[in-house]
Structures are given as structure tokens and as C-alpha cells.
Amino acid sequence: LALRVCDSAFKPGTLRPRRKGTHRNRTTMAAIMSSTVSLSASTKRATFAKRAGGIALPQRSMLSRSVAGKAVAPRSVRVVRPAARGAMKVVAEDELTGWDAYDFDVREKSRKFRRNVYGPPEWRRHRSVNRYTRHLGTMFTSSIVKGLIPPVAACTLAALAVCLTNEYGVDADLIPQALKLPMEPFTLSAPALSLLLVFRTNASYGRWWEARKIWGGLLNRSRDFIRQGVTWFDDEDEALKAQLVRYTIAFAFSLKVHLRGDEVMRDELKDILTPEELEMALDNVHVPNHILRVLSQIVAEARLSPMMTTQMDENITFFHDVLGKCERILKTPIPLSYTRHTSRFLFAWLLLLPIALYDKCGLLTIPAEVFVCLALMGIEDIGVQIEEPFSVLSCEAICGSVQANTTSVLDMQARDEGLIKPSVRSSKTIANV
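Conventions and cut-offs
- Residue positions are given per chain, counted from 1 along the sequence in the order it is written.
- Where totals are concerned, whole chains, interfaces and linings use all residues; where local detail is concerned, this predicted model gives features only for residues with pLDDT of at least 70, and gives and counts side-chain atom pairs only at 80 or more.
- Only hydrogens and water are set aside when side-chain values are computed; all heavy atoms of the structure are taken into account.
- Secondary structure elements follow DSSP: runs of H or I of four or more residues count as helices, runs of E of two or more count as strands, with numbering from the N terminus.
- The cut-offs for exposure are 20% and 50% of the maximum accessible area for each residue type, with area from a 1.4 Å probe on protein chains only; residues under the lower value are buried, those over the upper are exposed, and the others partly exposed.
- When checking whether two residues touch, look at their non-hydrogen atoms; a contact exists if any pair is within 4.5 Å.
- Residue burial considers only the protein chains on display, and all accessible areas are found by Shrake-Rupley using a 1.4 Å probe.
- Think of a salt bridge as a Lys or Arg side-chain nitrogen and an Asp or Glu carboxyl oxygen that are within 4 Å of each other.
- Neither His nor the chain ends is counted toward charge; the positive residues are Lys and Arg and the negative residues Asp and Glu.
- As used in this record, nonpolar core signifies buried Ala, Val, Leu, Ile, Met, Phe, Trp, Tyr and Cys residues forming a set joined through side-chain atoms within 4.5 Å.
- Classification of ring pairs rests on two measures: the distance between centres of Phe, Tyr or Trp rings, Trp counted by its six-membered ring, which must be within 6.5 Å, and the angle between planes, read as stacked under 30 degrees, edge-to-face over 60 and tilted in between.
- Two limits define a charge over a ring: the Lys NZ or Arg CZ must be within 6 Å of the ring centre, and within 35 degrees of the ring normal.
- Working rule for helices: expected span equals 1.5 Å times residues minus one.
- Think of a patch as exposed residues, more than 30% relative accessible area, with no salt bridge, where like charges cluster within 9 Å and nonpolar side chains (Val, Leu, Ile, Met, Phe, Trp, Tyr) cluster within 5 Å.
- The location of each charge is read from NZ of Lys, CZ of Arg, CG of Asp or CD of Glu.
- Disulfide assignment relies on a single distance test, namely cysteine sulfur atoms paired within 2.5 Å.
- The convention used is that axes are lines fitted to C-alpha atoms, helices contributing only their stretch in contact, and that angles between N-to-C directions extend from 0 to 180 degrees.
- What sets the label is the angle itself: under 35 degrees gives roughly parallel, over 145 gives roughly antiparallel, 65 to 115 gives roughly perpendicular, and the rest give oblique.
- It is the rotation of the near helix from the far one that decides the hand of a crossing: anticlockwise by less than a right angle makes it left-handed, clockwise makes it right-handed.
- Lys, Arg, Asp and Glu make up the charged group, whereas Ala, Val, Leu, Ile, Met, Phe, Trp, Tyr, Cys and Pro make up the nonpolar group; the residues left over, Gly among them, are polar.

## Some remarks on the overall build of the protein
Then, in step 1: Across its full length, the protein holds 18 helices and six strands.
Then, in step 2: In the protein, buried positions account for 35% of the 433 residues.
Then, in step 3: Of all intrachain contacts in the protein linking residues separated by at least 6 positions in sequence, the fraction that spans at least 24 positions is 73%.
Then, in step 4: On the protein, roughly 26000 Å² of surface is accessible, and the fraction owed to carbon and sulfur atoms is 60%.

## Details of the pattern of salt bridges
Any two side chains of opposite charge can pair, on the condition that their charged atoms come close.
Then, in step 1: Under the defined criterion, the tally for this structure stands at twelve salt bridges.
Then, in step 2: Between Asp-224 and Arg-227 there is a salt bridge; the shortest N-O distance is 2.4 Å. Taken together, the residues span about one helical turn, with Asp-224 and Arg-227 both in helix H8 (residues 184–232) at a distance of three residues.
Then, in step 3: You can call Asp-224 partly exposed: its relative accessible area is 24%.
Then, in step 4: Residues Arg-266 and Glu-279 are paired through a salt bridge, measuring 2.9 Å at the closest nitrogen-oxygen approach. Separated by 13 residues along the polypeptide, Arg-266 in helix H10 (residues 265–269) and Glu-279 in helix H11 (residues 275–282) bring together distant segments of the chain.
Then, in step 5: For Arg-266, a relative accessible area of 37% translates into the label partly exposed.
Then, in step 6: Several salt bridges converge on common partners, so that one network encompasses Lys-256, Arg-260, Glu-263, Glu-268 and Glu-396.

## Digging into the environment of Leu-269
Then, in step 1: Secondary-structure assignment places Leu-269 in helix H10.
Then, in step 2: The class of Leu-269 is buried, set by a relative accessible area of 0%.
Then, in step 3: Considered as a pair, Leu-269 and Leu-282 are 13 residues apart in the sequence and their alpha carbons are 9.4 Å apart.
Then, in step 4: Here Leu-269 is in contact with Ala-250, Phe-253, Ser-254, Leu-278 and Val-287, once residues within four sequence places are set aside.

## Examining the side chain of Glu-327
Then, in step 1: Mapped onto the fold, Glu-327 is located in helix H13 (residues 306–331).
Then, in step 2: Within the buried set, Glu-327 has no salt-bridge partner at all; the shortest N-O distance to an opposite charge, 4.7 Å, is to Lys-331.
Then, in step 3: When sequence neighbours within four positions are dropped, the list of residues in contact with Glu-327 reads His-258, Leu-259 and His-286.

## Some remarks on the nonpolar core
Then, in step 1: Judged by nonpolar contacts, the single largest core of 51 residues is most densely connected at Trp-215, Phe-225, Leu-255, Leu-269 and Leu-295.
Then, in step 2: At the level of elements, H8, helix H9 (238–259), H10, H11, helix H12 (287–301), H13 and helix H16 (395–411) are the ones that each hand at least two residues to this core.
Then, in step 3: Here this core gets twelve residues from one element, more than from any other, and that element is H9.
Then, in step 4: Within the second largest apolar cluster, 16 residues are counted, among which are Val-152, Phe-186, Leu-350 and Cys-373.

## Overview of the packing of aromatic side chains
Then, in step 1: Scanning the entire structure with this criterion turns up seven aromatic pairs.
Then, in step 2: An angle of 35 degrees between the planes, with centres 5.5 Å apart, marks the rings of Phe-251 and Phe-319 as tilted. Here Phe-251, found in helix H9, pairs with Phe-319, found in helix H13; they are 68 residues apart in sequence, far enough to count as distant. Exposure class is identical for Phe-251 and Phe-319. Each is buried.
Then, in step 3: The structure contains a cluster of three or more aromatic residues connected by ring pairs, namely Tyr-205, Trp-208 and Trp-209.
Then, in step 4: Between Arg-221 and the ring centre of Phe-318, over which it is positioned, the NZ or CZ distance is 4.3 Å.

## Details of H13
Then, in step 1: Between the first and last C-alpha of H13 there are 37 Å, a value that for 26 residues agrees with the 38 Å anticipated at 1.5 Å per step.
Then, in step 2: Listing the buried residues of H13 in full gives Met-312, Asn-315, Ile-316, Phe-319, Val-322, Leu-323, Cys-326, Glu-327 and Ile-329.
Then, in step 3: Each element contacted by the buried residues of H13 is listed here: H8, H9 and H12.

## Things to note about a negative patch on the surface
Then, in step 1: On the surface, a cluster of negative charge is contributed by Asp-234, Asp-235, Glu-236 and Glu-417.
Then, in step 2: By the secondary structure assignment, Asp-234 is in the loop between H8 and H9.

## What about the state of the cysteines?
Then, in step 1: Taken as a whole and judged by the stated rule, the model has zero disulfides.
Then, in step 2: Residue Cys-155 stays outside any disulfide, its sulfur separated by 3.7 Å from that of Cys-373, the closest cysteine.
Then, in step 3: Accessibility expressed as a relative area gives 0% for Cys-155, which makes it buried.
Then, in step 4: In this structure Cys-395 is not part of a disulfide, and its nearest cysteine sulfur, from Cys-399, lies 6.5 Å away.

## Some words on the packing of H8 against helix H15 (residues 365–385)
Then, in step 1: The contact between H8 and H15 brings their axes to 8 Å, and the two run at 30 degrees. Considering the angle they form, H8 stands roughly parallel to H15. Along this stretch, H8 crosses H15, giving a crossing that reads as left-handed. On H15, the residues that touch Leu-193, Leu-197, Arg-200, Thr-201 and Ser-204 of H8 are Leu-376, Ile-379, Glu-380, Gly-383 and Val-384.
Then, in step 2: By residue class, the composition of the contact of H8 with H15 is five nonpolar, three polar and two charged.

## A word on unusual backbone geometry
Then, in step 1: Although it is not a glycine, Arg-303 sits at a positive phi angle of roughly 55 degrees.
Then, in step 2: Residue placement: Arg-303 occurs in the loop between H12 and H13.

## Details of the packing of H9 against H13
Then, in step 1: For the pair H9 and H13, the least separation of the axes is 10 Å and the interaxial angle reads 10 degrees. On the basis of the axis angle, H9 is roughly parallel to H13. From H9, Leu-244, Phe-251, Leu-255, His-258 and Leu-259 reach across to H13, where they touch Met-312, Phe-319, Val-322, Leu-323, Cys-326, Glu-327 and Leu-330.
Then, in step 2: Partitioned by chemical class, the residues of the contact of H9 with H13 number ten nonpolar, one polar and one charged.

Here it is, written out as C-alpha cells:
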């Protein structure tokens, strides 16, 4: 709207009356705004006509995915890291160095391997008594353990420094007495630390489980939506039914890409939509929202009874709710102050722990510190890892189920209708009833 106002109201070369402290004219302001987001010239048509492949998409004016006149490249993997207090810096994957590169390789790239889908064989292995030795044997290949090497190494160095100082510093008169702390402060603060860790993990698990229920609801409603469309649409509207199935599948896949930052929308949708439908979808800033709008138009084009249309619209509304709920989880983390306080408290507690352990454990303080760090930091880190659930949920499996189930309903329509026996009640009898 702002761009249209600029185009219609501001004429090139027309200067704004100079005011005190004002240094820009209308042409400059319009150029700045139009250079930020440009309208796609190829989508300024407003036709809506029937075609052989189903309904033609309404080609309204939409915002193009271009900035400063240049097409935006497909979404690539980006990493956000602190640049200054209160600021974040977005860097490309190949620009990472040191511990940032290690953290990305060990932790972020391993998230896709946590997208497990269980069946009977997996459950039998999961509850097997051999899980103790099996999990202990894979401890050092665990992404959680490998990802915790930097903070655990820092705590281990602190424990080593305490042991060396107490062993040799007193004898060499480097310090007047050994570094010691009573265990009471750690004993008193341990319950508070445990409560922080338990709440953090439970809150993250609640977000993960809510996301799983949302995607399960998407699968169920997709089946119901296609069942309604295939049954209620006119028998001659085969192209319309096929388009309904395509866009229902496309919504699930586009939502998956929308919630993740390492996938390309075109690659996921090119085998689902037709070339024209694909270009129309990609020309939108918000692809899932565009797909839902098209689904509404497909239902309207079928010209069903008001009751049937209302019931199908309820499923589309549910899809909108799924989209909104997923975006809410993605964009709203657990309050950052809680996460920061937990990590600060835990790290400081572990750094000071060797001073209290040395009096009882001696040099065994070092392995004891490593064990405690891996246990407590592992619990906290698991909560952080599942706080954003969409990169660890197996959304691919759910999308595949949506595609397989909805396509099979359309493919088996004719065979299933042959199973239905004709009714013995005549239309006259039904009318009398």
C-alpha cells in the first residue's frame, strides 16, 4: 500500500517544500521505499478463469521476493552469534571458525539424526535390558557429550588448577594456605539448582510434545479434508480433486520448510505442484498462507452445498491454526532471563565445586568434576536442544504420510465406490420421510 501511494502521489522531480531539518524530497523517499521491496511485474494480472488442469489461480499483485532489484538467493544455512551486547550477527556457515565451527558441525548438523520414527522393532530395542550397556558404549560418540566438550573442559581446567595449587602452591610458598570451601553452600544450593534444571527440561519437553500433537492433528485433518473433497466434489471434477490433493500435500511440505532454516522451498514443492502453480506459490513471501488461500478457492469452485462448504472450511481454518501455533512456538522461546540465569548459576556452581571437593577427594577431584559436569550440563543442554522442536521432530515422516494417505484416497476412489451397494430406498420414499 505504501508503494502504491508513492507511485501515485509522488511525481518524479517534484520536491517537498523544504522544512527546517528536512533534507529529503518525495522522489528520494519513494526511491528508498521502492528499493527495499519491489513489486513483481509478472504478477499484476487479476484474472480468474477455468483451465483444463483445475481452477486458474487468482493472480493478484503480490510482493516479490526481491531486494533492491535483485532476486533473493535460495535460503542457505545461516548461524546467528552474538556480535555485541544486545546485538546479533548473522554469518554464513563457511565463515565460522574455532569453537563456533565445532559447535555447528557437532550439534546443529546432528539434529537431523534425532528425527526418529518408531515402530514395533524400534520399541522392542528401546525397552531391551541391553540399553544400559549399549548407551554407555555410545557415550563418547553422543552429540550431547561431544557438544559439551568446551564447557566441560573449562571446568576440568579449573579443577586441575585447584589441585595443582593446593598440591604444590603451599609447599612452594606461592599461597599462604590451600584453596578450600565448605560443602554446605553447595549442599544448600543444590536443590535450587535441581529445580531450575527440572523446570527447564519440563518446559522444553512441553513445547516439543505440543509441536508433535500439532503435526499429528495436521495429518488427521488432511485425511479428513481429502475424504470430504473426493466424496463431495462432482464426479466430473477430477481435475479439481487432483488439485485439492496437490495443494493439501503442498501445505504440509511448505510448512516444514517454513519452520526450518536449512531447506529450500522450491526443492520440496517442485515434484508436488505443477510448474505454473509452483511459480505462483514461490512468488509469495508467505507460501503456506498462499496455499491455504488457494485451498479455499478450490472449495468455493466446487460449488458444494452451504453445509458441506462450511465443514470443509472448518478444516482449512484448522490448517490456519496449525500454522499459527507452529509460528508461535518457533518465534517465542522460554523467557531468556530464565535460560540465562540457569546457565550462569550452573556454570558458576560447577567452576567453584572443585574447591569444595578437594578437601575430601584430593586429586580425584578432577574425574569427579568431569562426571558432575557431564551429568548436570547434559540435563540442561537436552532442555535447550528440544526447546525448538521442529528441527528434531520427524516432520518428513508426517509429510510423507500426508502425501501417501491423501494420494491413495484419490487413486482408490473408483474402486472404493464400486464396493458401495445401491440403496433400496427410492427418492420418493426418502422425500416422504
